[in-house]
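If you want the building blocks of each chain, they are given just below.
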Amino acid sequence: MRKLSRLSRFNIASLAMGLAFLYLPIIILVIYSFNASRLVTVWGGWSLRWYHEFFNDRAMIEAAWMSLRVAVSSATIATLLGTLTAVALSRGEAFRGRTLFSGMLYAPLVMPEVITGLSLLLLFVALNAERGFWTVTIAHTTLTMCFVAVVVQSRLGSLDRSLEEAAMDLGCNPLRAFLAVTLPLIAPAIVAGWMLAFTLSLDDLVIASFTTGPGSATLPIRIYSEVRLGVKPEINAICTLVIGLIAVIIVIASLASKLSSSQGESAAPL
Amino acid sequence: MSGRRIFARPARFAAIAPYVWMVLFFLVPFGFVLKISLSQTAIAQPPYEPLFDPTAGWEALKAAFAALSIDNFKLLASDDLYVFAYVRSLTVAATATALLLLIGYPIAYGMARLPRRWQAVAMVLVIVPFWTSFLIRIYAWINILQHDGLLNQILLALHLVSRPVVWLSTDTAMYIGIVYSYLPFMILPLYATLAKMEPVLEEAASDLGAPPWQVFWLVTFPLSLPGVGAGVLLCFIPIVGEFVIPDLLAGSNSLMIGQTLWLEFFTNKDWPVASAAAIVLLVVLLVPLLLYERLQKRQLEQGR
Amino acid sequence: MTDDLPRTDAAADAVGADAYPAAGQPLLRIEGVAKTFGTFRAVDGVSLDIKAGEFFALLGPSGCGKTTLLRMLAGFEAPDEGRILLGGKDIAQALPHERPINMMFQNYALFPHLSVRDNIAFGLKRARLARADIATRVAEMVALVKLEGLEKRKPDQLSGGQRQRVALARALARRPQLLLLDEPLAALDKKLRENTQGELMELQRRLGMTFIIVTHDQEEAMTMASRIGVMKAGKLAQVASPRELYEAPRSRWIAEFVGDINLFEAESKLRDGHRLVIGTSGAGALVVAEPREPVGAGKLSVAIRPEKVKLSRRGPVSEAGHETAINRLDGVIADICYLGGTTTYKVKLDTGGMVQASVANSARLDVDAYSLNQHVVAWFTPDDCVVLTS
């Protein structure tokens, strides 16, 4: 009997082309960031010139610093709130407004960013809040906590409930059972959630544009205004640095999930 | 019926902080959008009128209600610019989603058929670009598509064209950008359902005499429909409101609704019209949003 | 199990134990316990006494409420009605961690992030035992379940049988007054399951502990338990020793659930001294011993276990004066099912019915085997018949 081959040539071709499509533009971008020439068309040899230029660009550095601060603080708050949300939704009994709550959670995942950004700005204006670091942080937290909640909730959902019961059976009160058993087991998802929130915040242009004030631009806002004027090699360098930072984060994330791989299933970075 | 009673009560309190946060920073802001969309445009800072003052009491509230007008919505309905923008947003989103499905399905299918260990690797490979900045990915394409960019250089070198092709500021560039940016969102839900499917089902179908294409159409594809639904919604909804990609890659002669909203807000400083545009966008997206929400909930709460 | 191990006396220092009743005295009393999920009444007024030192099995098909009852004993569900008394104290509303009861979970629920040692020590740490005591107790438990050398392994590095042992050790480590076992052997293959049954029984006897096991496997319940409670639709249908359950089932449903049985619907009833003559639809008139308890109203049927039906070519050699005492049914062999140790024959009776006979294959060669369509006589004594109400 001829065994049906599971992986056809068509399967392999579509996979290879798909991955090439996903990666080639980024690889090209990285390579060109080391181009000595100012003209993108001309390859002028390897050089770190544009990195040098970036590190001397005060406005750019300030924007990058702002972005990093916002990303770290919003990701941290979002992880806290998102984890609480996931626990409440997957372990808590029905409470008043549960449907509304979960609706509010899933909507921002797909809601066009222009709407989220605009609505938050109108709130901040009405509250007379000074726009800058905190308003962007709050806006990003609102968006990213929903992603954290989804990531953590799906891990909680796949967790065997009898583990928590076993912990209580062996003398833990509910809170202790959560801390001793549930939390260590969902830790990779929480870490992954934080990283996701961090990169989403670092990435965001639209919501930050709405909610930030004059003089406190984030990196994407700066990049965007430069890109509108055309391709600049310096932007390639900045983008490469951001990609490098994110690559480091992904490596850390996969190491973190390896360390706790005793769960039998490795947590994907999403 | 698993230990719910014990965990339930304390776990419920975990909802308090995030609940308050979401009401304050997600729900309440929509109230403001709605209110301002019904306000008059004014040349002021902030540029709208009337500003509701909660300290002024009931009379002021009544006055504020009396001042509400639907002029902004009338404007949106009568001005071709906006009507076209909505129509264009929906057609672009529909076309792009169809393209994404066509391109994403074979990739997801290929992933699901890889040996187990390689599936994990392929999944990481698909997710990683999603972690790199959205803006950077668009910028990468500008690099390639510009007048003297790599694509034109290759085409010229191969003598496929005699003159550089204009790629930037065209719909083609925009579609490339959208497909590129949203591809992981399409692949992942598709892959999730395809990977869960028992390979035995396909074997059973071919055992019962179905040729490969029938196995696909009669068994594989129908069973992957939940994934198709999730992927389509996950792409369609945000694309309708997309701003960055059309702004950077498409021409400026026809705008999408995200762009007009941005323009009204930042350039024309007409907040009430921008708010009204946001409300209309939200209404347009209400049905897919609700569908998506139901899908999400069902998926996440299956384990309960 | 090795015998040189110190006998861990559950009674002496069970965590939180006050007074542990002597063996044979009631330990657990379940009074009118009921639990409803939505509109589904999972447990419907169950009352039951469990004696100290008993190995009790809750047996029933899936969905009969046996697991819910067990979970109420462990404290994962609170009963809507009734009391659960442990050593005279009502624990129905106590939380799981407040009860001197431990449970071995169906899929073991071993903590995947903890080693074998830490899994076993988990409950001891919660009981705030001294570090040295924990180490001693863990070592004791590891030896008890023969897991020496595997202490540092994580659960996913263990085989199914080893995992089962860790789960057992973890549940026993706190020396509970009562150990609950939820389908403890369901995940093991047949051979391993049979060995483990023996080990569990041996362990229970040696520790003098009280075990309650939940199972849907009647053979497992019969093998291990000293007493079995059969549950059906949230109610206890019968509580009896394995032998009584098998030989004197209280209803037709129990008779069919526990082992194979031939059933003949009764159509008429006649008293003949200490015997009843019952006219059946399939097998004609059958003579049965008068039941100890008076037969109630409702539809009657005569039941006979297949191994109590004898087959012969010409019928039993009749002793003088006993001809009427033996039920003799003529028929032909309709189906043969060879099972190794025994062969089950289906006999199509001349009276229209069908009877199953299970015959031990006591000789290696098939000299006494019957062939299809062969004429045989199936016979059995009145004492082997049971009269059942449906």
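Summarised in this report is the structure supplied together with it. (Residues numbered from 1 in each chain as written. Chains lettered and ligands numbered in written order. Predicted model: local features only at pLDDT ≥ 70, side-chain atom pairs only at ≥ 80, totals over all residues.)

## A few points about the overall build of chain A
And then number 1: Scanning chain A from terminus to terminus reveals eleven helices and zero strands.
And then number 2: Order of helices (α) and strands (β) in chain A, N terminus to C terminus: α-α-α-α-α-α-α-α-α-α-α.
And then number 3: Dimensions of chain A, computed from the C-alpha atoms along their principal axes, are close to 75 × 70 × 30 Å.
And then number 4: Put simply, chain A has 270 residues, and 55% of those count as buried. (Helix = DSSP H or I, 4+ residues; strand = E, 2+ residues; numbered from the N terminus. Buried ≥ 20, exposed ≤ 12 C-beta atoms within 10 Å, placed from the backbone.)

## Brief notes about the packing of helix H3 (residues 116-126) of chain C against helix H4 (residues 131-144) of chain C
All names here are of chain C.
And then number 1: Across the interface, H3 lies against H4 with an axial gap of 10 Å and an inter-helix angle of 130°. Comparing the axis directions of H3 and H4 gives the class oblique. Taken as a pair, H3 and H4 cross one another with a handedness that is right-handed. Contact residues: H3 offers Arg-117, Ile-120, Ala-121, Leu-124 and Lys-125, while H4 offers Ile-134, Arg-137, Val-138, Met-141 and Val-142.
And then number 2: Its residues assigned to classes, the contact of H3 with H4 shows seven nonpolar, no polar and three charged. (Axes fitted to C-alpha atoms, helices over the stretch in contact; angles between N-to-C directions. Parallel < 35°, antiparallel > 145°, perpendicular 65-115°, else oblique. Left-handed = near helix turned anticlockwise from the far one by under 90°. Contact = placed C-beta atoms within 7 Å. Nonpolar A, V, L, I, M, F, W, Y, C, P; charged D, E, K, R; others polar.)

## As for the sheet that holds strand S9 (residues 227-232) of chain C
Residue and element names in this part refer to chain C.
And then number 1: A sheet is described by the order of its strands in space; here six strands give the open sequence S6-S7-S8-S3-S9-S10, paired in mixed fashion. Each of the sheet's edge strands pairs with one partner strand only, and the pair in question is strand S6 (101-104) and strand S10 (235-240). For this sheet, the mean angle separating the axes of adjacent strands, direction not counted, is 20°.
And then number 2: Alignment of strand S7 (residues 178-182) against strand S8 (residues 210-215), held across five bridges, turns out to be parallel. Considered in S8, the bridge of Leu-179 is made with Phe-211.
And then number 3: Along the sheet, helix H5 (residues 160-173) contacts S6 and S7; its crossing angle with S6, the most-contacted strand, is approximately 175°. (Pairing = 2+ DSSP bridges.)

## Some details on the interface of chain A and chain B
And then number 1: Counting residues at the interface gives 82 residues for chain A and 90 residues for chain B.
And then number 2: Ranked by the residues each element gives to the side of chain A that touches chain B, the list is headed by helix H1 (residues 9-33) of chain A, at 13 residues.
And then number 3: Taken together, the residues that form the side of chain A that touches chain B break down as 57 nonpolar, 17 polar and eight charged.

## Let's talk about the pairing of strand S12 (residues 275-280) of chain C
All names here are of chain C.
And then number 1: In the sheet, strand S11 (residues 262-272) pairs with S12 via six bridges, with the strands oriented antiparallel. Paired with Ser-268 across the two strands is Gly-279, which belongs to S12.
And then number 2: The hairpin turn running from S11 into S12, its antiparallel successor, is two residues long, and Gly-273 in that turn takes a positive phi close to 65°.
And then number 3: Bridge count between S12 and strand S13 (residues 284-289): six bridges; the pairing is antiparallel. Looking at the pairing, Arg-275 lines up with Ala-289 of S13.

## Structural notes on helix H14 (residues 257-267) of chain B
And then number 1: When you tally the buried positions in H14 of chain B, you get eight out of eleven residues, the bulk of the element.
And then number 2: Immediately downstream of H14 of chain B, the backbone of Lys-269 of chain B shows phi near 50°, a positive value.

## Description of the nonpolar core
And then number 1: Ranked by internal contacts, the top residues of the largest apolar core, which has 276 residues, are Leu-118 of chain A, Ala-108, Ala-277 and Ala-278 of chain B together with Ala-169, Leu-180 and Ile-212 of chain C.
And then number 2: In terms of residue count, the dominant contributor to this core is helix H8 (residues 174-203) of chain A (16 residues). (Core = buried A, V, L, I, M, F, W, Y, C linked by C-beta atoms within 7 Å.)

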